[in-house]
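Residue strings, one per chain:
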Amino acid sequence: MRAEQVSIGGIPAILYGDPAERGYLFLHGQMGRKEEAEAFARAACPRRHQVLSIDLPGHGVRQGRGEELAPWTAVPDIRAALDWAERRWESISLRAASIGAYFAMLAFANPARALLLSPVLDMEGLILTMMNRAGVSEAQLRERGEIADALGQPLSWKYLCWVREHPVYRWACPVRILWGSGDNMTPREAVEAYARRQGVRLTVLEGGEHWFHTPEQLAALKKWEETEC
């Protein structure tokens, strides 16, 4: 399978597959990197798609540059990748994971199709849950600006305000979600409510986690990708 290293306005990217009229933008999750798209590309490219994958800020070869993985840094990069893709493809679909899916919902108004793995669907709810677990009130966070929880994860007033001020797009395209019943980032009631509201086809892997990494989870992911792409 053809794989070409490209730079999109300084954003490191890989383009998989032979030239085609349709393509997928692949967005990894936290602690991920653009090369994770290779497995998905092996399913999508034989179906006459290309796959474009980028390193999000602070990830992949962008580590050590002092970049912050936040919506105000990631969304402009995703829009730059979409502009690049729009000049080459007639239609653009999406394959995104975890927080990458949330960023895509902020940046991508009209994908042709969206395949979401363990998506963060309610960022405000997730932040408020983390605050509650840490015993941090909104007044405290507003006063201090940033507070680390017991696991060292930063809680940010700026981040919470940004999320509240920037709603996600409501997509009209076919949306497919693969979610594990043990996902500790997006509760079952949230993903099921989103699926009902948006008419999403939801696939639940019982015993699956937010991060799909065991042989069984990866096999389920491969089957889902081959079926849905």
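Counting restarts for each chain: residues are numbered from 1 in the order of the written sequence. Given that this is a predicted model, residues contribute local features only at a pLDDT of at least 70 and side-chain atom pairs are listed and counted only at 80 or more, while totals for whole chains, interfaces and linings are drawn from all residues. Hydrogen atoms and water are omitted, and side-chain values are computed over all heavy atoms in the structure.

## Considerations on the packing of helix α4 (residues 123-134) against helix α6 (residues 157-165)
In plain terms, the rule: The axes used here are C-alpha line fits, helices contributing only the stretch in contact, and every angle between their N-to-C directions lies in the interval 0 to 180 degrees. Think of it this way: any DSSP run of H or I at least four residues long counts as a helix, any run of E at least two long counts as a strand, and we number them from the N terminus. In this scheme, roughly parallel covers angles under 35 degrees and roughly antiparallel covers those over 145, while 65 to 115 is roughly perpendicular and the rest are oblique. We call a crossing left-handed when the near helix sits turned anticlockwise from the far one by less than a right angle, and right-handed when that turn is clockwise. We call two residues in contact when some of their heavy atoms are within 4.5 Å.
Packing of α4 against α6 brings their axes to within 9 Å, and their N-to-C directions diverge by 150 degrees. In terms of orientation, α4 and α6 fall into the roughly antiparallel class. Here α4 and α6 pass one another in a crossing that is left-handed. Counted together, Met123, Glu124, Ile127, Leu128 and Met131 of α4 and Tyr159, Leu160, Val163 and Arg164 of α6 form the full contact between these two elements.

## As for the pattern of salt bridges
Quick note on the threshold: Salt bridge, as used here, is a side-chain nitrogen of Lys or Arg placed within 4 Å of a carboxyl oxygen of Asp or Glu. For each residue, the accessible area found with a 1.4 Å probe, counting protein chains only, is set against the maximum for its type, and the residue is called buried under 20%, exposed over 50%, and partly exposed in between.
Evaluation of the coordinates by the stated rule reveals 16 salt bridges. A salt bridge links Glu138 to Arg164, with the shortest nitrogen-to-oxygen separation between them at 2.8 Å. Here Glu138, found in helix α5 (residues 138-144), pairs with Arg164, found in helix α6; they are 26 residues apart in sequence, far enough to count as distant. Classification of Glu138 by relative accessible area gives partly exposed; the value is 29%. In this structure, Arg201 and Glu228 form a salt bridge, with 3.1 Å as the shortest nitrogen-oxygen distance. Of this pair, Arg201 sits in strand β10 (residues 201-205) while Glu228 is found in helix α8 (residues 215-228), placing the two residues 27 residues apart along the sequence. Residue Glu228 is classed as buried on the basis of its relative accessible area of 5%. Residues joined by salt bridges that share partners form a network here, namely Arg33, Lys34, Glu35 and Asp55.

## Some remarks on the state of the cysteines
Selection rule: Disulfides are defined in this document as cysteine sulfur pairs within 2.5 Å.
Applying the stated rule across the entire model yields zero disulfides. Cys45 forms no disulfide, and the closest cysteine sulfur to it belongs to Cys229, at a distance of 9.1 Å. Under the relative-accessibility criterion, Cys45 is labelled buried at 16%.

## Considerations on unusual backbone geometry
For Arg48, which is not glycine, the phi torsion reads 65 degrees and is therefore positive. For Arg48, the location among the structural elements is in the loop between α1 (37-44) and β4 (49-54).

## As for helix α7 (residues 188-198)
Worth spelling out the cut-off: Our arc is simply the arc of the directions from the helix axis toward the C-beta atoms.
Looking at α7, one finds that the buried residues are Val191, Tyr194, Ala195 and Gln198. Along the long axis of α7, the arc covered by the buried residues comes to 100 degrees, so they all point the same way. In α7, the exposed positions angled more than 90 degrees off the buried face are occupied by Glu189 and Arg196. Contact partners of the buried residues in α7: α3 (98-107), β9 (175-180) and β10.

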